[in-house]
Amino acid sequence: MLGPQSCSTATPDVNTVSKPHLQGIKRLFLKLGTCSRTLFYILNREFGHPMEIEERASAPLAGGVMQKGYQCGMLWGASLAVGAESFRRHYNSSQAICTAIAATQNIMESFSNRTKSVNCRAITNCDFTSKLSMMWYMLSFKFMTCFFLAENWVPEAIQSATEGLSQNQTDCPQHAMSCASEVAKKLGASNEEMIMVAGFSGGLGLSGNACGALSAAIWIKSLNWCRKQTDSGFDEWKSLFENPDLINILNEFYRVTNRKILCSKISKHCFKTISDHSEFIKNGGCKKLIDVLVQA
């Protein structure tokens with residue numbers, strides 16, 4: 001299971017290989033600054049396609065989506081990486097969407113097997129929106145938990161991502177749709193970016209957790225912001241904490257959903273298959289929410 005909101009398991013046997021992007025993961029995490037960017041960075045280099053700006057733009061997904069404690073940023077970053085790889089492997093957009101979602105599900109299972117929860121707050125025992133809780137997290141060296149988790153899980157993440165991308169998708173409708181991809185499309189994203197966020201669908205891998213459409217809007221807006229920055233002027237923490245576009249998106253999202261954030265609560269659906277989700281979006285499911293995220 002992927003947590004209490006899941007709609008959905010042995011730890012894979014992983015042989016550690018000597019590759020530059022797998023050396024000194026704790027130091028890499030410290031250098032990059034966020035869990036979401038770290039996993040995105042590592043998997044991109046495993047697949048042989050670095051994406052520097054896109055990786056930077058994933059920072060706001062750390063801490064469980066704008067530090068709200070939902071799905072761990074490592075999962076969002078890994079999902080973006082497998083989405084990018086799915087786009088490269090498939091000319092057909094429906095197949096690319098289905099593969100991105102399935103690979104994300106694989107990654108979430110692997111992560112949940114290790115941590116017993118997919119949520120940041122359950123793993124860190126920290127409320128990142130509270131200065132007091134954040135201070136305790138740092139002064140108690142609790143932050144090392146995330147460093148060690150990344151170091152220990154990365155080989156499994158690579159294996160589960162690779163296996164998920166290689167699976168033959170039998171449940172792939174002719175015209176697969178993703179709530180997250182629809183948001184990206186309406187925000188002017190490229191075809192590649194639309195597929196990159198496809199795994200966010202249905203609360204990340206159809207799990208019913210925190211809204212994937214919201215996270216897609218946050219990432220696309222963050223990506224647009226990052227592209228306007230020079231290397232010398234880039235401030236990742238400002239993009240995470242102070243970007244007014246992202247704060248506005250979150251506030252508008254809360255307004256229209258009555259502060260609900262779980263996909264299962266907002267959509268009143270538990271998506272069993274990719275076909276279920278595609279049909280829901282095709283028939284106008286979450287249209288009002290998608291429009292609000294785009295307009296915000």
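Everything discussed here concerns the structure shown above.
The rules behind the values
- Residues numbered from 1 in each chain as written.
- Predicted model: local features only at pLDDT ≥ 70, side-chain atom pairs only at ≥ 80, totals over all residues.
- Heavy atoms only, no water.
- Helix = DSSP H or I, 4+ residues; strand = E, 2+ residues; numbered from the N terminus.
- Buried < 20%, exposed > 50% of the residue type's maximum accessible area, 1.4 Å probe, protein only.
- Areas by Shrake-Rupley, 256 points an atom, 1.4 Å probe, with all protein chains shown as cover.
- Salt bridge = Lys/Arg side-chain N within 4 Å of Asp/Glu carboxyl O.
- Axes fitted to C-alpha atoms, helices over the stretch in contact; angles between N-to-C directions.
- Parallel < 35°, antiparallel > 145°, perpendicular 65-115°, else oblique.
- Left-handed = near helix turned anticlockwise from the far one by under 90°.
- Contact = heavy atoms within 4.5 Å.
- Nonpolar A, V, L, I, M, F, W, Y, C, P; charged D, E, K, R; others polar.
- Core = buried A, V, L, I, M, F, W, Y, C linked by side-chain atoms within 4.5 Å.
- Phe/Tyr/Trp six-rings, centres within 6.5 Å; stacked < 30°, edge-to-face > 60°.
- Lys NZ or Arg CZ within 6 Å of the ring centre and 35° of its normal.

Asks: Report on the overall build of the chain, specifying residues and quantitative values.
Replies: For the chain, the count of helices and strands is 16 helices and 0 strands. Residue burial in the chain is summarised as follows: out of 296 residues, 57% are buried. By element, 51% of the accessible surface of the chain is carried by carbon and sulfur atoms, the whole surface being about 13000 Å².

Asks: Please provide a residue-by-residue account of the pattern of salt bridges, values included.
Replies: One pass over the structure, following the stated rule, counts 13 salt bridges. Residues arginine 37 and glutamate 52 are paired through a salt bridge, measuring 2.9 Å at the closest nitrogen-oxygen approach. In this pair, arginine 37 sits in helix α2 (residues 35–46) while glutamate 52 sits in helix α3 (residues 52–57), placing the two residues 15 residues apart along the sequence. Taking the relative accessible area as the measure of exposure, arginine 37 reaches 8% and is therefore buried. Overall, the relative accessible area of 34% leaves glutamate 52 in the partly exposed class. A salt bridge links glutamate 52 to arginine 56, with the shortest nitrogen-to-oxygen separation between them at 3.3 Å. You can see glutamate 52 and its partner arginine 56 sitting in helix α3, 4 residues apart, about one turn around the helix. Taking relative accessible area as the criterion, arginine 56 reaches 14% and is therefore assigned buried.

Asks: Explain the packing of helix α11 (residues 212–227) against helix α13 (residues 244–257) residue by residue, including any values.
Replies: The geometry of α11 relative to α13 is characterised by a closest axis approach of 10 Å and an angle of 160 degrees between their N-to-C directions. In terms of their interaxial angle, α11 and α13 are classed as roughly antiparallel. The way α11 lies across α13 gives a crossing that is right-handed. On α13, the residues that touch Leu214, Ala217, Ile218, Lys221 and Ser222 of α11 are Leu246, Ile249, Leu250 and Phe253. The residue inventory of the contact of α11 with α13, partitioned by class, reads 7 nonpolar, 1 polar and 1 charged.

Asks: Go over the nonpolar core with me, naming the residues and quoting the values.
Replies: Core analysis: the biggest nonpolar cluster contains 94 residues, and Met74, Leu75, Trp153, Phe200, Leu214, Trp219 and Leu293 have the highest contact counts within it. Aside from chain neighbours lying at most four places away, what touches phenylalanine 200 is Leu61, Trp76, Ser79, Leu80, Ala180, Gly205, Gly212, Ser215 and Ala216.

Asks: Explain the packing of α2 against helix α4 (residues 73–89) to me, using residue names and the numbers behind them.
Replies: The axes of two packed helices give the description: the angle between them and the distance between them. It is at 7 Å that the axes of α2 and α4 come closest, and there the two elements cross at 30 degrees. By the angle between their axes, α2 is roughly parallel relative to α4. Pair α2 / α4 crosses with right-handed handedness. Judged by residue contacts, Cys35, Ser36, Leu39, Phe40, Leu43 and Asn44 of α2 engage Gly73, Met74, Gly77, Ala78, Leu80 and Ala81 from α4. Its residues assigned to classes, the contact of α2 with α4 shows 8 nonpolar, 4 polar and no charged.

Asks: Any chance you could break down unusual backbone geometry for me, citing the residues and the numbers?
Replies: Located in the positive-phi region is phenylalanine 141, a residue other than glycine, with phi close to 60 degrees. Looking at the secondary structure, you find phenylalanine 141 in the loop between α7 (131–139) and α8 (144–166). Even without a glycine there, the phi angle at leucine 206 is positive, about 60 degrees. Along the chain, leucine 206 turns up in the loop between α10 (191–196) and α11.

Asks: Which residues make up the packing of aromatic side chains, and what values go with them?
Replies: For the coordinates displayed, the defined rule picks out 8 aromatic pairs. Between phenylalanine 128 and tyrosine 137 the ring centres are 5.0 Å apart and the planes differ by 85 degrees, which places this aromatic pair in the edge-to-face class. Note on accessibility: phenylalanine 128 and tyrosine 137 belong to one class, buried. Among the aromatic residues, ring-to-ring pairing joins Phe29, Phe141, Phe143 and Phe147 into one connected group. Its end group placed over the ring of tyrosine 41, arginine 45 keeps NZ or CZ at 3.5 Å from the ring centre. Against the face of tyrosine 254 rests arginine 259, its NZ or CZ located 4.1 Å from the ring centre.

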